[in-house]
Amino acid sequence: MALRQLSEAEFQTEVLGGEGLVLVDFYASWCPPCRALAPLLERFAEQHKEKLTIVKIDSDVEEGLAEQLSVRTIPTVIAFRDGQEIARAVNPQSRARLEELAGVS
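In short, a report on the structure. No experiment lies behind these values; they were computed from the predicted model shown.

1. So, the sheet that holds strand 3 (residues 52-58)
Okay, step 1: Taken together, five strands build an open sheet; the order of strands is 1-3-2-4-5 and the sheet is mixed. A single partner strand is all that each edge strand has here, and the edge strands are strand 1 (4-5) and strand 5 (84-90).
Okay, step 2: By the bridge criterion, six bridges tie strand 4 (residues 76-81) to strand 5 in an arrangement that is antiparallel. Paired with F80 across the strands is E85, a residue of strand 5.

Shown next, in the form of structure tokens:
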């Protein structure tokens, strides 16, 4: 399952205007830690697809959105519940950290 890429407009509608738990992965294609995190996020999304959604934002393409959300380091994963930020992690490298961020196990 490939994680879906969102534009800023889609982010406004689907994350800020949405319901439920959404993890947003801010990344860049040139970033080695981002590429290392991608398979972990893919597996995590598949295992928790009933509880949450995970989407990706290319911080190079959506610079304004990254700036608006104060994303200064990538990868950064931000958890939103019902459109409100509830947690964030910079460079989350483990499944346990993703579980903690999402509040799932």
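2. Some details on unusual backbone geometry
Okay, step 1: For the peptide bond that leads from I74 to P75, omega is 0°, which places it in the cis range.
Okay, step 2: On the secondary structure map, P75 appears in the loop between helix 3 (63-68) and strand 4.
Okay, step 3: A positive phi angle is found at S70, which is not glycine, with a value near 60°.
Okay, step 4: Among the structural elements, S70 can be located in the loop between helix 3 and strand 4.
Okay, step 5: What makes S70 partly exposed here is its relative accessible area of 37%.
Okay, step 6: Positioned with a positive phi, N91 is a non-glycine residue whose angle comes to about 55°.
Okay, step 7: Within the element layout of this structure, N91 appears in the loop between strand 5 and helix 4 (95-102).

Conventions and cut-offs
Residues numbered from 1 in each chain as written. Predicted model: local features only at pLDDT ≥ 70, side-chain atom pairs only at ≥ 80, totals over all residues. Heavy atoms only, no water. Pairing = 2+ DSSP bridges. Helix = DSSP H or I, 4+ residues; strand = E, 2+ residues; numbered from the N terminus. Buried < 20%, exposed > 50% of the residue type's maximum accessible area, 1.4 Å probe, protein only.

By themselves these figures say nothing about function.
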